[in-house]
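# Summary of the model geometry
Spelled out, the chains give:
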Amino acid sequence: MSELTPDLLRELVAEARLAPSIHNIQPTRWRLLDGGRLALVDDTSVRAPVADPAGHDVLVSHGAALEGMSLALNRRGLAITAMTTIEQPLSSQFTALCSFAIRQGVAPDPLAGHVTHRMSWRGKFAASPDEPAPLVQLAVARDDLVCIGDRRAIADIAGWADQAEFSFVRGDDYRAELLEWMRLSGDHPQYLLDGLNRDALAMNAVEATAARFVLGSLFRPLDRLGFAASLLSDRAKTASAAAIVLFCRPVGEDPLTTGRHFYRSWLEIDRAGLVACPISAMADHPDFNDRLRKLGRIGTDLRLVNVFRIGRPAKPLKPRHFRLPIDRLIV
Ligand SMILES: Cc1cc2nc3c(=O)[nH]c(=O)nc-3n(C[C@H](O)[C@H](O)[C@H](O)COP(=O)(O)O)c2cc1C
């Protein structure tokens with residue numbers, strides 16, 4: 001077993017926090033326990049109850065953070081061992097979801113070097129000449145990813161993605177929650193820390209101001225006039241993707257495990273030289289989930305957990321991360 005010092009823990013958390021989380025809410029905290037074990041702690045005050053009523057995506061986010069910790073350890077020749085997954089309330093705000101010891105001696109993980117480079121790409125993709133090599137690389141690397149590269153299928157999915165997203169956006173609570181996590185002005189106190197800011201959303205100042213009104217006070221009149229859907233459309237972005245990737249995991253899998261694989265899949269996309277953006281609405285909407293399952297010929301033993309649009313970025317990638325300070329993440 002290896003000794004985890006407070007300084008090392010800070011270094012590890014600085015890397016683990018780069019994992020993706022739903023709306024960038026960052027629900028994961030860490031606590032050093034007696035005996036050198038480390039606990040992954042859920043901050044139960046951090047939720048997106050409308051977009052994620054079952055709390056599944058929060059658990060997937062915790063799983064991604066756990067994988068982030070595993071990769072941070074790996075870069076130092078360390079690994080997670082003796083994991084126990086007993087939910088244990090620590091206070092009214094914090095619940096430990098699992099704890100583990102740390103051991104020395106592990107083979108380098110080829111995905112560990114991609115952690116600081118991966119980010120959500122919410123812009124358009126470059127028109128890529130038919131170039132199947134990265135998609136083949138992905139399919140070989142992971143059997144839980146189904147890549148759809150046919151241009152007509154992608155164009156259809158781009159329309160479905162808009163319909164799925166808009167069906168949720170029509171909910172007043174959904175829009176209110178989304179706006180709560182959006183940081184559309186640079187002087188928002190949380191701009192660099194959490195949620196979805198203008199830079200992350202690939203919006204300029206004018207687009208951000210428009211988004212505030214379209215998702216806010218003007219939504220209902222614009223919807224009545226039939227303009228809201230086209231103003232919020234991501235169709236062109238989705239249609240420009242090199243592929244749509246279906247992320248499928250075994251039915252009944254523990255969501256923490258699903259989250260670990262979700263992050264690894266995204267890092268694998270980065271390793272293939274591509275960028276990605278999840279389209280959760282497609283997986284969350286039963287009808288569109290069903291259509292995609294049929295299109296991807298997904299067996300009944302698998303759950304379609306999420307969907308990515310992937311491709312080459314239209315502009316050079318400048319990785320940036322908006323995250324909570326380490327002090328807030330160690331409790
Ligand atoms: C479970 C889960 C679902 C997500 N769903 C979406 C989504 O539907 N649309 C989107 O743009 N980003 C989605 N994301 C990406 C997060 O918003 C993103 O990871 C977070 O803002 C941090 O930014 P980064 O990925 O650039 O580091 C999702 C992430 C997770 C973990």
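Quick look at the structure, then. Keep in mind it's a predicted model, so treat the numbers as computed, not measured.

Our next topic: the overall build of the chain. Of the regular secondary structure elements, the chain holds 13 helices and eleven strands. Here the C-alpha radius of gyration of the chain, 20 Å, is about what a compact globule of 331 residues would show, namely 20 Å. Considering only C-alpha atoms, the chain reaches an extent of 60 × 45 × 40 Å along its principal axes. When the 331 residues of the chain are sorted by exposure, 52% land in the buried category. Summarising the internal contacts of the chain: among those between residues at least 6 apart in sequence, 77% fall at separations of at least 24. On the chain, roughly 15300 Å² of surface is accessible, and the fraction owed to carbon and sulfur atoms is 54%. Between the mean site of the 40 positive side-chain charges and the mean site of the 39 negative ones, the chain shows a separation of 4 Å.

So, on to the environment of Ser-233. For Ser-233, the location among the structural elements is in the loop between helix H8 (228-231) and helix H9 (235-239). Once the C-alpha coordinates of Ser-233 and Phe-166 are considered, the two residues, 67 residues apart in sequence, prove to be 8.4 Å apart. Reaching out from Ser-233, the side chain makes a polar contact with the backbone nitrogen of Arg-235 at a distance of 3.0 Å.

Moving on, we get to the nonpolar core. In terms of nonpolar packing, the biggest core is built from 25 residues, with Ile-157, Ile-244, Leu-246, Met-282, Leu-292 and Val-307 touching the most fellow members. Contributing elements (two or more residues each) for this core: helix H4 (151-169), strand S9 (243-250), helix H11 (280-284), helix H12 (286-295) and strand S11 (302-311).

Every buried residue of helix H6 (residues 205-215) is accounted for by Ala-208, Ala-211, Val-214 and Leu-215. End-on view of H6: buried residues confined to an arc of 130°, all on one side of the axis. Looking at the buried side of H6, the elements it contacts are H4, helix H5 (172-181), strand S7 (182-183), helix H7 (219-224) and H8. Among the residues of H6, the N-terminal cap falls to Asn-204, whose side-chain oxygen and the backbone nitrogen of Val-206 are separated by 3.1 Å.

This part covers the side chain of Asn-197. Tracing the backbone through its elements, the reader meets Asn-197 in strand S8 (residues 196-197). The exposure class assigned to Asn-197 is buried, which follows from its relative accessible area of 1%. A distance of 2.9 Å separates the side chain of Asn-197 from the backbone oxygen of Tyr-191, its partner in a polar contact. A distance of 3.1 Å separates the side chain of Asn-197 from the backbone nitrogen of Asp-199, its partner in a polar contact. Contacts of Asn-197, omitting those with residues within four sequence positions, involve Arg-183, Tyr-191 and Phe-322.

Here the focus is the site of the ligand. The immediate surroundings of the ligand are formed by 22 residues, with Arg-118, Ser-120, Arg-122, Ser-280 and Arg-323 found nearest. Arg-118 is positioned with one of its side-chain polar atoms (N or O) 2.8 Å from an oxygen atom of the ligand. Within the backbone of Pro-278, a nitrogen or oxygen atom sits 3.1 Å from a nitrogen atom of the ligand. For the ligand, the protein covers 90% of the area, taking 620 Å² as the surface of the free molecule. Taken together, the elements giving at least two residues each to the shell around the ligand come down to helix H2 (56-74), helix H10 (255-271) and strand S10 (275-278). Ranked by residue count, the leading element in the shell around the ligand is H2, at three residues. Looking at the shell around the ligand residue by residue, the class counts come to ten nonpolar, seven polar and five charged.

For any pair of aromatic rings, the description consists of the separation of the ring centres together with the inter-plane angle of the planes. Counted according to the given criterion, the structure contains six aromatic pairs. The interplanar angle of 15° and the centroid separation of 5.2 Å between the aromatic rings of Phe-262 and Phe-308 together place this pair among those described as stacked. Note that Phe-262 is positioned in helix H10 and Phe-308 in strand S11, a separation of 46 residues in sequence. By relative accessible area, Phe-262 is classed as buried at 8%. Judged by centre distance (5.4 Å) and plane angle (65°), the rings of Trp-266 and Phe-308 are edge-to-face.

Of the positions making up H5, those classed as buried are Tyr-174, Arg-175, Glu-177, Leu-178 and Trp-181. Within H5, the buried residues cover an arc of 165° as seen down the axis, which keeps them to one side. Turned more than 90 degrees off the buried face of H5, the exposed positions are Asp-173 and Glu-180. Lining the buried residues of H5 we find H4, S7, S8, H6 and H7.

About the cut-offs
Residues numbered from 1 in each chain as written. Predicted model: local features only at pLDDT ≥ 70, side-chain atom pairs only at ≥ 80, totals over all residues. Heavy atoms only, no water. Helix = DSSP H or I, 4+ residues; strand = E, 2+ residues; numbered from the N terminus. Rg over C-alpha atoms; globule rule 2.2 N^0.38 Å. Buried < 20%, exposed > 50% of the residue type's maximum accessible area, 1.4 Å probe, protein only. Contact = heavy atoms within 4.5 Å. Areas by Shrake-Rupley, 256 points an atom, 1.4 Å probe, with all protein chains shown as cover. Lys, Arg positive; Asp, Glu negative; His and termini not counted. Charge placed at Lys NZ, Arg CZ, Asp CG, Glu CD. Polar contact = N/O pair within 3.5 Å; in protein donor to acceptor, adjacent residues only side chain to side chain. Core = buried A, V, L, I, M, F, W, Y, C linked by side-chain atoms within 4.5 Å. Arc of directions from axis to C-beta. Near = heavy atom within 4 Å. Nonpolar A, V, L, I, M, F, W, Y, C, P; charged D, E, K, R; others polar. Phe/Tyr/Trp six-rings, centres within 6.5 Å; stacked < 30°, edge-to-face > 60°.

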